[in-house]
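Fold and contact review
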Amino acid sequence: MAEQDKLSIVLFSGDLDKALAAFMLATTGASMGMEVKIFFTFWGLNVIKKNEGSIKSKGLMRKMLNIMNRGGSKRLKLSKFNMFGLGTWMIKRLMKEINMPSVEEFIVMAHEMGVKLIPCSTTCGLMGVEQEAFRPEAEPLAGAAYFLAEASQSKVALFI
Amino acid sequence: MAEQDKLSIVLFSGDLDKALAAFMLATTGASMGMEVKIFFTFWGLNVIKKNEGSIKSKGLMRKMLNIMNRGGSKRLKLSKFNMFGLGTWMIKRLMKEINMPSVEEFIVMAHEMGVKLIPCSTTCGLMGVEQEAFRPEAEPLAGAAYFLAEASQSKVALFI
Amino acid sequence: MAEQDKLSIVLFSGDLDKALAAFMLATTGASMGMEVKIFFTFWGLNVIKKNEGSIKSKGLMRKMLNIMNRGGSKRLKLSKFNMFGLGTWMIKRLMKEINMPSVEEFIVMAHEMGVKLIPCSTTCGLMGVEQEAFRPEAEPLAGAAYFLAEASQSKVALFI
């Protein structure tokens, strides 16, 4: 298969700063005419969980995990200098000042630009998260084989 | 050199979750017929250290480092929600429930599937770790030049 | 565009160990004849900030951020085992023992070998950092579109 103008990103991290990096690259790539896919795995699943409601999951441990690890684009924190929320709050204010979209806005924007947002089926199984936990912008779940097939055809593949 | 169906992964992290991500991708790639190599560097070296015995190293500081940073596939912890071991224990139980291999099992499986597990010679030198500290599945040590030569011929190269 | 012998690295992290990994790969790539570029973004900007003087920035929050997040190659810390500076000090001593360059030396060396060190314009805007905050080895600021164009032409692109 020939390489096409594709950009494939694994977003493993659920940190606010890494999510921003992923969406900046994704939307920039889309605006350059690249076909962009983000695969959300492990903590990265949090980024595209719904902000509202609770997450149904079977078994006590998965319930506990999904309470601690609630997710939703509005709940992400900085990987550094979170300082009990102060650093995260500051960065969000600075983002507004320079008119940078929030993660919430980036998700909507990326979706409208045709970026595919794909939750990893294996880590969903591990953490007891189902399709309905994700925002409507999320595509159906897919596995590592799908990512590798896409990445093999991509000019740029990154693990964030 | 033409690009072949190769997947090259640097595993820099020694966290349980990132090691799982690396091995899921590696074994999936191998099952798809890709030629897969994982280069273990820095904290990632811990993933393929032996679980048993102590690590011989010269000099007081390297001895201290290798005690604190003991390694072995069974000693890896989550990058988040470790909670003094509780989170790590929970994830391991959830993995068993869905029949996901442990890192220990992933290493053996990957090796049997032909995935090459290569410790980085430079960081081994830095940390005072020698070939004998690694499991029998590990290949001989190799440096950054070898990784870059491989990655240049790979369809997918990731830094985890 | 045909792929050339290029290596493009995003350095997102400001940790000593990840900076070392980036510069080891970059200088090794350059010595193999690859055309190498490192794009510094978010905490990675700290790696190529000047070690001396203070950073001028407008507004109270950006001033606070730049005091906490001072940066400079000599202020980087390990991502693990920093132990209030003890671990970082130990690693720096071990690096000297095996004649591994410090980050400071790696920057000068990489620059002399032709590696381009490029700060990300968007995160500079976010954090209130201007060109003059960076060492003379730094290239002019550039954005995500420039990185993606370069990465698309690169044999190896990594996010560290």
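Here we summarise the structure given alongside this text. (Residues numbered from 1 in each chain as written. Chains lettered and ligands numbered in written order. Predicted model: local features only at pLDDT ≥ 70, side-chain atom pairs only at ≥ 80, totals over all residues. Heavy atoms only, no water.)

**Describing the overall build of chain A**
Going by this rule: Helix numbering and strand numbering both begin at the N terminus, where a helix is a DSSP run of H or I of at least 4 residues and a strand a DSSP run of E of at least 2. The globule rule is 2.2 Å times the number of residues to the power 0.38, and the radius of gyration it is compared with is taken over C-alpha atoms. Relative accessible area decides the class of each residue, using a 1.4 Å probe on protein chains only: under 20% of the type maximum gives buried, over 50% gives exposed, and in between gives partly exposed. By definition, residues are in contact when any of their heavy atoms lie within 4.5 Å. The Shrake-Rupley method, run with a 1.4 Å probe, gives the accessible areas here. Residue values count only the displayed protein chains as cover. Positive charges are assigned to Lys and Arg, negative charges to Asp and Glu, while His and the chain termini are left out of the count. By convention, the charge on Lys lies at NZ, on Arg at CZ, on Asp at CG and on Glu at CD.
The number of helices and strands found in chain A is six helices and four strands. Across chain A, helices and strands are ordered from the amino to the carboxyl terminus as β-α-β-α-α-α-β-α-α-β. On C-alpha atoms alone, chain A measures out to a radius of gyration of 16 Å, which is about the 15 Å that the 2.2 N^0.38 rule sets for 160 residues. The dimensions of chain A, computed from C-alpha atoms along their principal axes, are 45 × 40 × 25 Å. Per-residue burial for chain A yields a buried fraction of 61% across its 160 residues. In chain A, the share of contacts with a sequence separation of at least 24, taken over all contacts with a separation of at least 6, comes to 72%. If you sum the accessible surface of chain A, you get close to 6,400 Å²; carbon and sulfur atoms cover 58% of it. Positive and negative side-chain charges of chain A, numbering 20 and 15 respectively, have mean locations separated by a distance of 8 Å.

**Structural notes on the packing of helix α1 (residues 16-31) of chain B against helix α4 (residues 103-112) of chain B**
For any two helices packed against each other, the geometry comes down to the angle between their axes and how far apart the axes lie. Residue and element names in this part refer to chain B. Let me state the cut-off plainly: Fitted lines through C-alpha atoms serve as axes, helices being fitted only where they are in contact, and the angles separating the N-to-C directions of these axes extend from 0 to 180 degrees. In what follows, roughly perpendicular refers to angles from 65 to 115 degrees, roughly parallel to angles under 35, roughly antiparallel to angles over 145, and oblique to any angle outside these ranges. Left-handed describes a crossing whose near helix is turned anticlockwise from the far helix through less than a right angle; right-handed describes the clockwise counterpart.
Following both chains from N to C, one finds α1 and α4 inclined at 25°, their axes separated by 10 Å at the closest point. Classified by the interaxial angle, the pair formed by α1 and α4 is roughly parallel. Handedness of the α1/α4 crossing: left-handed. Where α1 approaches α4, its residues Leu16, Ala19, Leu20, Phe23, Met24 and Thr27 are matched on the opposing element by Val103, Phe106, Ile107, Met109 and Ala110.

**Looking at the side chain of serine 8 of chain A**
Residue and element names in this part refer to chain A. Cut-off, in case you're wondering: Think of a polar contact as two N or O atoms within 3.5 Å of one another; within protein, one of them needs to be a possible hydrogen donor and the other a possible acceptor, and neighboring residues in sequence only count if both atoms come from side chains.
Here serine 8 shows up in strand β1 (residues 4-11). Polar contacts involving the side chain of serine 8 include one to the side chain of serine 154, which spans 2.7 Å. When sequence neighbours within four positions are dropped, the list of residues in contact with serine 8 reads Lys37, Phe147, Glu150, Ala151, Ser154, Val156, Ala157 and Leu158.

**Regarding α1 of chain B**
All names here are of chain B. As a reminder, the rule being used: Expected span of a helix, by definition, is 1.5 Å for each gap between consecutive residues, and there is one gap fewer than residues.
In this model, α1 (16 residues) spans 22 Å end to end at C-alpha, consistent with the 22 Å of a helix rising 1.5 Å per residue. Taking burial as the measure, the 16 residues of α1 include 15 buried ones, the bulk of the element. Just downstream of α1 lies glycine 33, where phi reads positive at about 90°.

**Digging into the environment of valine 103 of chain A**
Residues and elements named next belong to chain A. Structurally, valine 103 can be placed in helix α4 (residues 103-112). What makes valine 103 buried here is its relative accessible area of 4%. As for valine 103 and leucine 16, which are separated by 87 residues in sequence, their C-alpha atoms are 7.7 Å apart. Those residues in contact with valine 103, other than ones at most four positions away along the chain, are Leu16, Ala19, Leu20, Val47, Ser73 and Leu76.

**A closer look at the relation of the copies chain A and chain C**
Put simply, the test is: Superposition of the copies was done by least squares, using only C-alpha atoms of residues whose pLDDT is at least 70 in both.
Its rotation angle being 120°, the transformation that places chain A on chain C also includes 0.0 Å of axial translation and leaves an RMSD of 0.0 Å. Such a combination of turn and shift is consistent with a three-fold rotation axis. Both copies present different contact surfaces, since only 16% of the interface residues of chain A are interface residues in chain C too.

**Brief notes about helix α2 (residues 60-68) of chain C**
In plain terms, the rule: Arc, as used here, means the arc of the directions from the helix axis to the C-beta atoms.
All of the buried residues along α2 of chain C are Met61, Arg62, Leu65 and Asn66 of chain C. The buried residues of α2 of chain C occupy one face: seen down the axis, they fall within an arc of 130°. Facing away from the buried side of α2 of chain C by over 90 degrees, the exposed positions are Leu60 and Ile67 of chain C. Looking at the buried side of α2 of chain C, the elements it contacts are α3 (86-97) of chain A together with α5 (121-127) of chain C.

**Description of the packing of aromatic side chains**
All names here are of chain C. Formally: Whether two aromatic rings pair depends on their centres lying within 6.5 Å, for rings of Phe, Tyr and Trp, where Trp uses its six-membered ring; planes under 30 degrees apart make the pair stacked, over 60 edge-to-face, and the rest tilted.
Evaluation of the coordinates by the stated rule reveals 21 aromatic pairs over all chains. Aromatic side chains phenylalanine 12 and phenylalanine 42 sit 5.1 Å apart centroid to centroid with 35° between the ring planes, which places their arrangement in the tilted category. With phenylalanine 12 in the loop between β1 (4-11) and α1 (16-31) and phenylalanine 42 in the loop between β2 (35-40) and α2, this pair connects stretches of sequence that are 30 residues apart. Phenylalanine 12 sits in the buried class, given a relative accessible area of 2%.

**Let's talk about the interface of chain B and chain A**
Formally: When two components associate, each loses some accessible surface as probed by a 1.4 Å sphere; the sum of these losses over both components is called the buried area. We count a salt bridge whenever a side-chain nitrogen from Lys or Arg sits within 4 Å of a carboxyl oxygen from Asp or Glu.
Across the contact, 32 residues belong to chain B and 26 residues belong to chain A. Roughly 2,600 Å² is buried in total at the junction of chain B and chain A, and carbon and sulfur atoms are behind 79% of that figure. Of all residues in chain B, Phe81, Met90 and Leu94 of chain B bury the most surface against chain A, accounting for 21% of the area lost on that side. Run the count over chain B and chain A and you get two salt bridges.

**Digging into the interface of chain A and chain C**
You'll often see interface size given as the accessible area lost when the parts meet. Taken together, the 32 residues of chain A in the interface contact 26 residues of chain C. Buried area between chain A and chain C, both sides added, is near 2,600 Å², and the carbon and sulfur share of it is 79%. Here chain A is connected to chain C by two salt bridges. A salt bridge links arginine 62 of chain C to glutamate 97 of chain A; the shortest N-O distance between them is 3.0 Å. The interface formed by chain A and chain C includes three residue pairs in polar contact (both at pLDDT 80 or more). At the level of secondary structure, the elements contributing two or more residues to the side of chain A that touches chain C comprise α1 (16-31), α3 and β4 (154-159) of chain A.

**Here we look at the relation of the copies chain B and chain A**
Once chain B has been moved 0.0 Å along the axis and rotated by 120°, it coincides with chain A to within an RMSD of 0.0 Å. Little of the interface of chain B is mirrored in chain A: 16% of its interface residues are interface residues there too.

**Regarding the pattern of salt bridges**
A complete count under the given rule lists 27 salt bridges over all chains for this structure. When the shortest N-O distance is used, the salt bridge between aspartate 15 of chain C and lysine 80 of chain A registers 3.1 Å. With aspartate 15 of chain C in the loop between β1 and α1 and lysine 80 of chain A in the loop between α2 (60-68) and α3, the pair connects residues from two separate chains. For aspartate 15 of chain C, a relative accessible area of 11% gives the class buried. Assessed through its relative accessible area of 31%, lysine 80 of chain A is described here as partly exposed. Across the salt bridge formed by lysine 6 of chain C and glutamate 35 of chain C, the nearest N and O atoms sit 3.9 Å from each other. Of this pair, lysine 6 of chain C sits in strand β1 while glutamate 35 of chain C sits in strand β2; the two residues are 29 residues apart in sequence, bridging distant segments of the chain. Overall, glutamate 35 of chain C belongs to the partly exposed group, its relative accessible area being 40%.

So far we have only geometry, and geometry alone does not tell us how the molecule works.
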